[in-house]
Amino acid sequence: VAPLLVVLKKKDRYWTAFNPHFRALGYSKKSEEDAVKDLTESLDVFFDVHLQRGTLDRALLEFGWKKENNKFQPPTLGNIIPSNSRKEYLPYAMA
């Protein structure tokens, strides 16, 4: 599994984990790990809903993904993350 791009931040008492490729967010009051777990659950729901409805291709295209040779390629960082924010984004291997 390729690592997903995730930004992890703590603000006040909350940890947030955000994935720009799927526009998914997770959060937790407890820990960074729990925020990533919540993000994983959000992504599971995203895929479950779109696979059940048959709308995954359309959703990915709307999020800026490109379909080449029947395979999807994620949008480039320049298309989804402002250049002054890129240093905040970390690759995070999600199982």
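Residues numbered from 1 in each chain as written. Predicted model: local features only at pLDDT ≥ 70, side-chain atom pairs only at ≥ 80, totals over all residues. Heavy atoms only, no water.

### A short note on the pairing of strand 1 (residues 4–11)
Remark: a regular strand shows side chains that alternate across the two faces of the sheet.
Okay, so step 1: Sheet topology places strand 1 next to strand 2 (residues 14–19); five bridges connect them, and they run antiparallel. Across the sheet, K9 pairs through a bridge with T16, a residue of strand 2.
Okay, so step 2: Between strand 1 and strand 2, which pair antiparallel and follow one another directly, the connecting turn spans two residues, one of which, D12, has a positive phi of 55°. (Pairing = 2+ DSSP bridges. Helix = DSSP H or I, 4+ residues; strand = E, 2+ residues; numbered from the N terminus.)

### Comments concerning helix 1 (residues 32–53)
Okay, so step 1: For helix 1, which comprises 22 residues, the first-to-last C-alpha distance of 32 Å matches the rise-based estimate of 32 Å (1.5 Å per residue) to within 8%.
Okay, so step 2: Turning to helix 1, its buried residues number three or more, namely A35, V36, L39, L43, F46 and H50. Taken down its axis, helix 1 places every buried residue within 95° of arc, on the same side. Set apart from the buried face of helix 1 by more than 90 degrees, the exposed residues are E33, K37, L51 and Q52. (Expected span 1.5 Å × (residues − 1). Buried < 20%, exposed > 50% of the residue type's maximum accessible area, 1.4 Å probe, protein only. Arc of directions from axis to C-beta.)

### A look at the side chain of H50
Okay, so step 1: As for its placement among the helices and strands, H50 is situated in helix 1.
Okay, so step 2: At 2.7 Å, the side chain of H50 forms a polar contact with the side chain of T55.
Okay, so step 3: Contacts of H50, omitting those with residues within four sequence positions, involve T55, L56 and A59. (Polar contact = N/O pair within 3.5 Å; in protein donor to acceptor, adjacent residues only side chain to side chain. Contact = heavy atoms within 4.5 Å.)

### What to know about the environment of K30
Okay, so step 1: Along the chain, K30 falls in the loop between strand 3 (24–28) and helix 1.
Okay, so step 2: Between the C-alpha atoms of K30 and W15, which are 15 residues apart in sequence, the distance is 7.6 Å.

### Focus: the pattern of salt bridges
Pairing is possible between side chains that carry opposite charge, provided their charged atoms lie close to one another.
Okay, so step 1: Enumeration according to the criterion identifies one salt bridge in this entry.
Okay, so step 2: The residue D57 makes a salt bridge to K67 at a minimum N-O spacing of 3.0 Å. Linking D57 in helix 2 (residues 56–62) with K67 in strand 4 (residues 66–68), this pair joins segments that are ten residues apart in sequence.
Okay, so step 3: Looking at D57, the relative accessible area reads 36%, which means it is partly exposed.
Okay, so step 4: K67 gets classed as partly exposed once you look at its relative accessible area, which sits at 41%. (Salt bridge = Lys/Arg side-chain N within 4 Å of Asp/Glu carboxyl O.)

### Some words on the environment of T55
Okay, so step 1: Looking at the element boundaries, T55 is found in the loop between helix 1 and helix 2.
Okay, so step 2: For T55, a relative accessible area of 14% translates into the label buried.

### Things to note about the confidence of the model for the protein
Okay, so step 1: With 77% of its residues at a pLDDT of 70 or more, the protein shows a mean pLDDT of 83.
Okay, so step 2: Here strand 6 (residues 89–92) stands out as the element of the protein with the lowest mean pLDDT, 56, in contrast to helix 1, whose mean of 95 is the highest. (pLDDT = per-residue confidence, 0-100.)

### Things to note about the nonpolar core
Okay, so step 1: Counting 16 residues, the largest nonpolar core has A17, F22, L39 and F46 as its most contacted members.
Okay, so step 2: Elements that contribute at least two residues to this core include exactly strand 1, strand 2, helix 1 and helix 2.
Okay, so step 3: It is helix 1 that provides the largest number of residues to this core, a total of five residues. (Core = buried A, V, L, I, M, F, W, Y, C linked by side-chain atoms within 4.5 Å.)

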